Amino acid sequence: MPQYLVTYIKKGEERPRTKKLSGDRISDIYELVFEIEKKHTIVAIENTSLNK
């Protein structure tokens, strides 16, 4: 199962936040990232399953 760590900055804030995303398909991840990107600025997306 794909797992990603998304770092984003909320509009009006300076400190970045992180959110862990996982899904059965990569298209599920794209939908979740798109929802975050609508309201916030994405700084980084890291594939955490490659670190193992």
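Procedures and definitions
Residues numbered from 1 in each chain as written. Predicted model: local features only at pLDDT ≥ 70, side-chain atom pairs only at ≥ 80, totals over all residues. Heavy atoms only, no water. Helix = DSSP H or I, 4+ residues; strand = E, 2+ residues; numbered from the N terminus. Buried < 20%, exposed > 50% of the residue type's maximum accessible area, 1.4 Å probe, protein only. Contact = heavy atoms within 4.5 Å. Lys, Arg positive; Asp, Glu negative; His and termini not counted. Charge placed at Lys NZ, Arg CZ, Asp CG, Glu CD.

*Asks:* Please explain the overall build of the protein chain as it appears in this structure.
*Replies:* Looking only at helices and strands, the protein chain features one helix and three strands. When the helices and strands of the protein chain are listed from N to C terminus, the series reads β-β-α-β. The proportion of buried residues among the 52 residues of the protein chain is 21%. The contacts of the protein chain with a sequence gap of at least 6 include a subset with a gap of at least 24, amounting to 45%. Positive and negative charge centroids in the protein chain, built from 10 and 8 side chains respectively, lie 4 Å apart.

*Asks:* So what exactly am I meant to see when it comes to the environment of isoleucine 29 here?
*Replies:* Counting through the fold element by element, isoleucine 29 comes out in helix H1 (residues 26–39). Given the relative accessible area of 3%, isoleucine 29 is considered buried. In this structure, the C-alpha to C-alpha distance between isoleucine 29 and threonine 48, residues 19 residues apart in sequence, is 13 Å. Apart from residues no more than four positions distant in its own chain, isoleucine 29 is found in contact with Pro2, Tyr4, Leu21, Ser22 and Gly23.

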